[in-house]
Amino acid sequence: IILNLTIQNPAPANLIVEQYLAKGNTIAETSPQAKKIDNTQGNVKWLFKNTKKGILSLSVRLNAPLNGDVSATVRYRAPQGGAFTELRVIP
């Protein structure tokens, strides 16, 4: 599973990305390394500090083919004004 995010300029200071998989999937590895993996709930969480403009590519490799749906949530505070933003990604 690959999720590509385009970070605009100015980039947010911090970025939280959570990926949700259907229960029953087992995560073998992530790139970059995830901050937290919960195979029971099917959640993967990354925390990025000091983000820069550009493409951020996240990947999850499973022990078996994906069973069910996948989605993600991206959270950050706007660099100008500090408004909290939450984006839902559903392929």
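Since we're looking at a predicted model, the values are computed, not measured.

This brings us to the side chain of threonine 73. Residue placement: threonine 73 occurs in strand 7 (residues 70–77). Owing to a relative accessible area of 3%, threonine 73 belongs among the buried residues under this scheme. For threonine 73, the side chain forms a polar contact with the side chain of tyrosine 20, separated by 3.4 Å. The contacts of threonine 73, once residues within four sequence positions are left out, are Ile16, Val17, Glu18, Tyr20, Glu86, Leu87 and Arg88.

Before going further, it helps to examine the pattern of salt bridges. Going through the model one piece at a time under the given rule, you end up with three salt bridges. Note that glutamate 18 and arginine 75 form a salt bridge whose closest N and O atoms lie 2.5 Å from each other. With glutamate 18 in strand 2 (residues 14–21) and arginine 75 in strand 7, the pair connects residues that are 57 residues apart, well separated along the chain. One exposure class covers both glutamate 18 and arginine 75, and it is buried. Two residues, glutamate 29 and arginine 61, come together in a salt bridge whose shortest N-O distance is 2.8 Å. Residue glutamate 29 is found in strand 3 (residues 27–31), and its partner arginine 61 is found in strand 6 (residues 54–62); the two are separated by 32 residues along the sequence. Exposure remark for glutamate 29: the relative accessible area of 41% places this residue in the partly exposed category. For arginine 61, a relative accessible area of 46% corresponds to the partly exposed category. Sharing partners across several salt bridges, the network here consists of Glu18, Arg75 and Glu86.

Calculation notes
- Going along each chain's sequence as written, the residues are numbered from 1 onward.
- Thresholds applied to this predicted model are a pLDDT of at least 70 for local features of residues and 80 or more for the giving and counting of side-chain atom pairs; totals over whole chains, interfaces and linings are not thresholded and use all residues.
- Side-chain metrics rest on all non-hydrogen atoms present in the structure, leaving aside hydrogens and water.
- Put simply, DSSP H or I for four residues or longer makes a helix, DSSP E for two residues or longer makes a strand, and each gets a number counted from the N terminus.
- Partly exposed residues are those whose accessible area sits between 20% and 50% of the maximum for their type, while under 20% is buried and over 50% is exposed, using a 1.4 Å probe and protein chains only.
- Pairing of N or O atoms within 3.5 Å defines a polar contact, subject to two protein rules: one partner must be a possible hydrogen donor and the other a possible acceptor, and residues neighboring in sequence count only if both atoms are side-chain atoms.
- The contact criterion used is simple: two residues touch if any of their non-hydrogen atoms lie within 4.5 Å.
- Between Lys or Arg on one side and Asp or Glu on the other, a salt bridge is scored when a side-chain nitrogen of the former is within 4 Å of a carboxyl oxygen of the latter.

Purely geometric numbers; function is a separate question.
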